[in-house]
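Per-entry structural report
Each chain, letter by letter, is given below.
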Amino acid sequence: MSRVIAIARNTLREVVRERVVLILALFGLALVIASQALSPLALGEGRKVVIDFGLAGSSILATLLTVFLGSSLLHKELERRTVYAILAKPIRREEFLVGKFLGLWFTTSMLLISMAGILAAVVTVAYGATPWSVFGAVGLSVMELSIVTAVVVLFSSFTTPALTAFFAIAAVVSGHFAEDLRYFASQGAPVGVQALAEAVYWTLPHLGVFNARGLVAHGIAVEPERLGFAFAYGALYAGGIVILAGTIFRRREFR
Amino acid sequence: MSRDRDDSRGRPGWAAEAAARSQLREVEPLPTILLDGVSKVYRDPMTLKPFTAVDGVSLSLEPGEIFGLLGPNGAGKTSTIKMILGLTRPTRGTIRLEGRDPQDPTARRRLGYLPENPCFYDHLTAEEYLGLVGSLFSIEPRTVRRRAEALLERLGLRVHGRKALRRFSKGMTQRLGLCQALLNEPAVLVLDEPMSGLDPIGRADVKHILREERARGATILMTSHVLAETEPLCDRVAILHRGRVLEMGSVKAILESDVLEWEITTDALPDQRMSLLREAGHRVDSVGSRWVVRVLDAGALQGILRTLTEERVFIRSVEPRRESLEEYFVRVLEADGVGTASGRESGGRS
Ligand SMILES: Nc1ncnc2c1ncn2[C@@H]1O[C@H](COP(=O)(O)OP(=O)(O)OP(=O)(O)O)[C@@H](O)[C@H]1O
Ligand SMILES: [Mg+2]
């Protein structure tokens, strides 16, 4: 376990020392503040709009950051051969991969949580009441990020950064529309297509599970059962994907 | 064996005897690195055309020796090393590290590895990197700090400990590579071109360190093609070419074999004698104010010395010249059918 943490810590350092992260963090801050500036347009719905907009913005930002950083994370190590010296140490390749996953997930989650913190602070100052329910939504987003990170790690364990980014974004987008996909397929499509849609539906991550922004914007707290289910689903899905990625990475030959 | 133990149980002192026996068993050397008929076939990812980079290599390193794996560019040295570390898998044959499969992480616990042209994380400093390596070996942080400090000092990087690795020069990176390979006080060191990128002082430092490590009891496998560096360092060498071991043996035995030629150095040489010697097929060169006559066989040497003495030529010295490892290397490779230097450089074959 200490080896996994060492790799995770190193990944965190690597990511944090990239300038992009700083820029994106500033961008997130600007986003939260801008949403506040837009609120007069919302005709008395300001608080709701700011929370909805701020949460969606920070979640998308964190997702993009995960894809962007994650897709080159392994590739860079293989390309520059920094991985040779590391994997010659008494560490399993799976441990290395899990460390990478945890480091990246932790970093983007921290970014997401701080953006939510700033959002809550801005809303508190502007409207005089702290929107505590924001943190329930953020908890869900963090679990969603675990799935996104796992998917990125999976693809990066065997393809190029460009393909990884493409597949990961495709998975995230279709994951958000998984329910719709199944719905459309059920509306009179041929049986073969229906079966295929069903299979895709069950393979795709159901990212809708993690979206509670509408509720939270209306000031409704996320129910503990919903949080519990989302956490269990996220942990199982991400865990499964990371195990698959580890299996692929273990078999991989280093040139 | 077990019978024996039963018998001794009744007698006084059986415990001491058993202890001695178990100690004996511990001392009994386990081959540190063992390769048995190892081959590596790469496949072109597009055409799937196979290419044999390592072809049936068998080696066994004896504890406490420095073993040099020598060979021209593309001989398969790095390919062999990568299999030893479990970075790639042999297509055929088996590899054992202290009796274990290299894929087994515990097999690598007492191992230090310096990759060819190493590259470490840009975003870390030397100290941070050694810290990371220390935790991968599960060494206590305090011990890591102490050892890291000593190693950085030993490799002349002390003042660069807090510098980002992206600002490291090639030679500094190579030195750091050695630091990280030595951090766990390894029993087995695998060094792929440890001298590459180092200045003369650096190479002398590394040679000194390798000797110290051997004295500490480490077994060292190194690759090189700078043979002048390897000759005084290695106990044994293997010459690899086209993935096959052409020759293997102790450096002493290789170099102390035959005297290549005799060199007679004289102060002056009458013109007539010089042309006679040349006609007889000996090489005669003027070196500064002196003359050097190279004689290939010992029988002729006696005759020449006699005539020179009779002609009152002042003989400064007579020296046997043995083959250097470099000359031996070239001769072995030429015998294997590589004539030109360019042929060796490209390493191209199909
Ligand atoms: N990943 C790979 N895929 C295909 N061929 C490879 C691969 N790695 C090495 N080779 C080929 O195998 C041969 C041996 O390469 P290797 O790197 O082992 O040589 P080397 O002895 O270390 O040479 P050098 O002294 O230049 O470092 C070369 O012809 C090389 O082209
Ligand atoms: Mg090499």
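Provided above is the structure to which this section pertains.
Quick summary incoming for the structure in this document. (Residues numbered from 1 in each chain as written. Chains lettered and ligands numbered in written order. Predicted model: local features only at pLDDT ≥ 70, side-chain atom pairs only at ≥ 80, totals over all residues. Heavy atoms only, no water.)

With that settled, consider the overall build of chain B. For chain B, the count of helices and strands is 13 helices and 13 strands. Residues counted as buried form 46% of the 350 residues belonging to chain B. A separation of at least 24 residues holds for 69% of the contacts in chain B among residues at least 6 apart in sequence. In the form shown here, chain B has an accessible surface area of approximately 17,600 Å², with 50% of it arising from carbon and sulfur atoms. (Helix = DSSP H or I, 4+ residues; strand = E, 2+ residues; numbered from the N terminus. Buried < 20%, exposed > 50% of the residue type's maximum accessible area, 1.4 Å probe, protein only. Contact = heavy atoms within 4.5 Å. Areas by Shrake-Rupley, 256 points an atom, 1.4 Å probe, with all protein chains shown as cover.)

Here we come to a nonpolar patch on the surface. Residues and elements named next belong to chain A. Together, Leu22, Leu26, Leu29, Ile33 and Ile118 make up an exposed nonpolar region whose accessible area comes to about 430 Å². Counting residues per element, the nonpolar patch draws most heavily on helix α2 (residues 19-38), at four residues. Along the chain, Ile118 falls in helix α5 (residues 93-127). Its relative accessible area of 31% is what places Ile118 among the partly exposed residues. (Patch = residues over 30% accessible without salt bridge, like charges linked within 9 Å, V, L, I, M, F, W, Y side chains within 5 Å. Salt bridge = Lys/Arg side-chain N within 4 Å of Asp/Glu carboxyl O.)

The next thing to look at is the pattern of salt bridges. Side-chain pairs of opposite charge can arise whenever the charged atoms involved come near each other. Residues and elements named next belong to chain B. In the structure shown here, the tally under the stated rule is 32 salt bridges over all chains. Arg214 serves as the salt-bridge partner of Asp235, at 2.9 Å between the closest nitrogen and oxygen. Here Arg214 lies in helix α7 (residues 200-216) and Asp235 lies in the loop between α8 (227-230) and β8 (236-241), a separation of 21 residues in the sequence. Glu263 is the partner of Arg321 in a salt bridge, and the nearest nitrogen-oxygen pair spans 3.6 Å. With Arg321 in strand β13 (residues 315-322) and Glu263 in strand β10 (residues 259-266), this residue pair connects regions lying 58 residues apart in the sequence. Given the relative accessible area of 26%, Arg321 is considered partly exposed.

As a further point, take the site of ligand 1. Surrounding ligand 1, one finds 15 residues, the nearest of these being Gly74, Lys77, Thr78, Ser79 and Glu116 of chain B. More than one chain reaches ligand 1: its neighbouring residues belong to chains A and B. Within the backbone of Gly76 of chain B, a nitrogen or oxygen atom sits 2.9 Å from an oxygen atom of ligand 1. Glu116 of chain B has a polar side-chain atom sitting 2.5 Å from an oxygen atom of ligand 1. Notes on ligand 1: free accessible area 640 Å², of which the protein chains cover 73%. Within the residue set of the shell around ligand 1, elements represented by two or more residues are β2 (50-60) and α3 (77-84) of chain B. When residues in the shell around ligand 1 are grouped by element, the largest group, three residues, is from α3 of chain B. Grouping the constituent residues of the shell around ligand 1 by class yields five nonpolar, six polar and four charged. (Near = heavy atom within 4 Å. Polar contact = N/O pair within 3.5 Å; in protein donor to acceptor, adjacent residues only side chain to side chain. Nonpolar A, V, L, I, M, F, W, Y, C, P; charged D, E, K, R; others polar.)

Residue and element names in this part refer to chain B. What the four strands build is an open sheet, ordered β11-β12-β10-β13; its pairing is antiparallel. Edge strands, defined here as strands with exactly one partner in the open sheet, are β11 (283-287) and β13. In this sheet, neighbouring strand axes are inclined to one another by 20° on average, regardless of whether the strands run parallel or antiparallel. One ladder, built from five bridges, connects β10 with strand β12 (residues 290-295); its direction is antiparallel. (Pairing = 2+ DSSP bridges. Axes fitted to C-alpha atoms, helices over the stretch in contact; angles between N-to-C directions.)

Moving on, we get to the nonpolar core. Residues Phe96 of chain A together with Tyr129 and Leu176 of chain B are the most contacted members of the largest nonpolar core, which totals 133 residues. Per-element accounting of this core gives the leading share, 15 residues, to helix α6 (residues 134-156) of chain A. With residues up to four places along the chain from it excluded, the contact list for Phe96 of chain A reads Ile7, Leu74, Glu77, Val83, Ile86, Leu87, Ile91 and Phe249 of chain A together with Tyr121 of chain B. Counting twelve residues, the second largest nonpolar core, distinct from the first, contains Ile264, Met274, Val295 and Val313 of chain B. (Core = buried A, V, L, I, M, F, W, Y, C linked by side-chain atoms within 4.5 Å.)

With that settled, consider the coordination of the magnesium ion (ligand 2). Residue and element names in this part refer to chain B. Binding of the magnesium ion (ligand 2) to the protein goes through Thr78 (OG1) and Glu116 (OE), at separations of 1.9 to 2.3 Å. One end of the pair, Thr78, is in helix α3; the other, Glu116, is in the loop between β5 (111-114) and α4 (126-136), with 38 residues separating them in the sequence. For Glu116, a relative accessible area of 25% translates into the label partly exposed. (Donors = N, O, S within 2.8 Å, 3.2 Å for Na, K, Ca; no water.)

Turning our eyes to something else, we now look at the sheet that holds strand β6 (residues 188-192) of chain B. Residues and elements named next belong to chain B. Read across the sheet, six strands follow the order β5-β6-β7-β3-β8-β9 without closing on themselves; strand pairing throughout is mixed. Of all the strands in the sheet, just β5 and β9 (244-250) have a single pairing partner and so form its edges. Taking each pair of neighbouring strands and ignoring which way they run, the sheet shows an average axis angle of 15°. Across four bridges, β5 lies against β6 in parallel orientation.

Here we take up the interface of chain A and chain B. Contacts between chain A and chain B engage 28 residues on the former and 32 residues on the latter. With both sides pooled, the region where chain A packs onto chain B buries about 2,900 Å², and carbon together with sulfur makes up 53% of that total. By the criterion of area lost to chain B, the three top residues of chain A are Arg80, Lys89 and Pro90 of chain A, representing 21% of everything that side buries. Measuring nitrogen to oxygen at the nearest pair gives 2.9 Å for the salt bridge that ties Asp122 of chain B to Arg80 of chain A. Across the chain A-chain B interface, the total number found is 16 residue pairs in polar contact (both at pLDDT 80 or more). When residues in the side of chain A that touches chain B are grouped by element, the largest group, seven residues, is from helix α1 (residues 2-16) of chain A. Broken down by class, the residue content of the side of chain A that touches chain B amounts to eleven nonpolar, three polar and 14 charged. (Buried area = accessible area lost by both parts, 1.4 Å probe.)

Residue and element names in this part refer to chain B. Topologically, Thr230 is positioned in helix α8. Exposure remark for Thr230: the relative accessible area of 0% places this residue in the buried category. Setting aside residues up to four positions removed in sequence, Thr230 forms contacts with Leu70, Met222 and Ser224.

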